[in-house]
Amino acid sequence: MDALVERLDRDEADGDVPFCVVAQVGSINVGAIDPLEAIADVCAARDIWFHADGACGAVGAILPEKRPQYAGLDRADSVTLDPHKWLSVPYECGCVLVRDPSAMARSFAMHASYLEGTERTPYEGLDYYELGPQMSRGFRALKVWMSLKHLGVEGYRSHLSRAVRCTEHLDARVRDADDFVALHEPNLYLYSFQYAPPDLRAAAAADANVREAVDDYLDALNRRIADEIQLSDVAFVMTTSIYDRTVLRLSVCSHRTTTDDIDQTFETLRDIGEREDATLRESFGVAV
Ligand SMILES: Cc1ncc(COP(=O)(O)O)c(C=O)c1O
């Protein structure tokens, strides 16, 4: 929050006009949620549009145990969320909720004679093309509606809480292991961590000069592990960057993933890690 306020002050001092603050509601790497209430206060005091980027995480607000993290989300001027992520709706289906749709219409509504015909029709409903940049558009909302009708909010709650249990389970496995490193508390369905053989970790901790070489090696090793597991048909694990390190990232947003799948994925990552470490270490010139 200090950095945000300082940045806004600096922009104003420079003669710029800050008009929008975008908060994270579930970051892509670690599922972090910004302090939404405090951001809403800052935006209200300065008359700044408060947008909440909940592409990954906004729908987690339906879980009672996660609800406190979402305090202040209801004060956003707009919220984005991606049903194609945690709601398991088939690709692609993004969504934006706005408090005042007339603000969208002021930006995007267009009028052209070929759209109007000769007679006014009695239709007074919503014309989505007046609220966004796209005119010809498919009926994406149908798949969200049908999924919701099929599962109900309770059905979604059970899917979402199973995903949360999966990331918590993975975090527990990582913390129990001496060849993996936990990097953050698990939140929502996203979890990032690193494979790191214990002898290398010990060597890096003991000698600052060795540390950089070990870090570089672990980046390469984790990249190799992600490439391998993608080919294995067991799981699709990507890498990402946290604290400038290359790490493994799991996104448990399939409604079919269970803790058994997490165990299988974890064991496969370990097998690949051990195998790759045996060959890569030598070629990398990291000697411990
Ligand atoms: C936090 C966040 N915001 C925005 C986006 C972009 O969403 P989309 O790919 O649906 O345009 C993503 C996608 O991964 C995301 O994770």
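Residues numbered from 1 in each chain as written. Predicted model: local features only at pLDDT ≥ 70, side-chain atom pairs only at ≥ 80, totals over all residues. Heavy atoms only, no water.

Here we take up the side chain of T167. Its place among the elements puts T167 in helix 5 (residues 141–176). Overall, the relative accessible area of 0% leaves T167 in the buried class. In contact with T167, other than residues within four places in its own chain, are P186, L188, Y189, L190, Y191 and V252. (Helix = DSSP H or I, 4+ residues; strand = E, 2+ residues; numbered from the N terminus. Buried < 20%, exposed > 50% of the residue type's maximum accessible area, 1.4 Å probe, protein only. Contact = heavy atoms within 4.5 Å.)

With that settled, consider the sheet that holds strand 3 (residues 78–81). As summarised here, the arrangement of the four strands in space is 1-2-3-4, forming an open sheet in which the pairing is mixed. In the strand order of this sheet, the two ends are held by strand 1 (20–24) and strand 4 (95–98), each with one partner. Strand-to-strand twist in this sheet, taken as the mean axis angle between neighbours without regard to direction, amounts to 20°. (Pairing = 2+ DSSP bridges. Axes fitted to C-alpha atoms, helices over the stretch in contact; angles between N-to-C directions.)

We now examine the packing of helix 5 against helix 8 (residues 259–284). At their nearest, the axes of helix 5 and helix 8 sit 9 Å apart, and the two run at 35° to each other. The element helix 5 and its partner helix 8 pack so that their crossing is right-handed. Facing R165, C166, H169, L170, R173 and V174 of helix 5, the residues of helix 8 in contact are T259, I262, D263, F266, E267 and R270. Residue classes in the contact of helix 5 with helix 8 are distributed as five nonpolar, two polar and five charged. (Left-handed = near helix turned anticlockwise from the far one by under 90°. Nonpolar A, V, L, I, M, F, W, Y, C, P; charged D, E, K, R; others polar.)

Attention now moves to the nonpolar core. The biggest cluster of nonpolar side chains holds 62 residues, and the ones touching the most others in it are F50, W86, L170, F180, Y189, F193 and L248. In terms of residues, this core owes the most to one element, helix 7 (residues 208–232), which gives eight residues. Apart from the residues within four sequence positions on either side, W86 is in contact with C56, V59, G60, L63, L160, A163, V164, L188, Y189, V252 and C253. (Core = buried A, V, L, I, M, F, W, Y, C linked by side-chain atoms within 4.5 Å.)

Moving on to the packing of aromatic side chains. The relative placement of two aromatic rings is captured by the distance of their centres and the angle of their planes. Taken as a whole, this structure holds five aromatic pairs when the rule is applied. Ring centres 5.9 Å apart and planes at 40° place the aromatic pair F180 and F193 in the tilted group. Pair noted here: F180 is in strand 5 (residues 180–182) and F193 is in strand 6 (residues 190–195), with a separation of 13 residues, a long-range link. As far as the burial class goes, F180 and F193 line up, both buried. Between F180 and F266, the ring centres sit 4.6 Å apart and the planes meet at 35°, which makes this aromatic pair tilted. Residue F180 is found in strand 5, and its partner F266 is found in helix 8; the two are separated by 86 residues along the sequence. (Phe/Tyr/Trp six-rings, centres within 6.5 Å; stacked < 30°, edge-to-face > 60°.)

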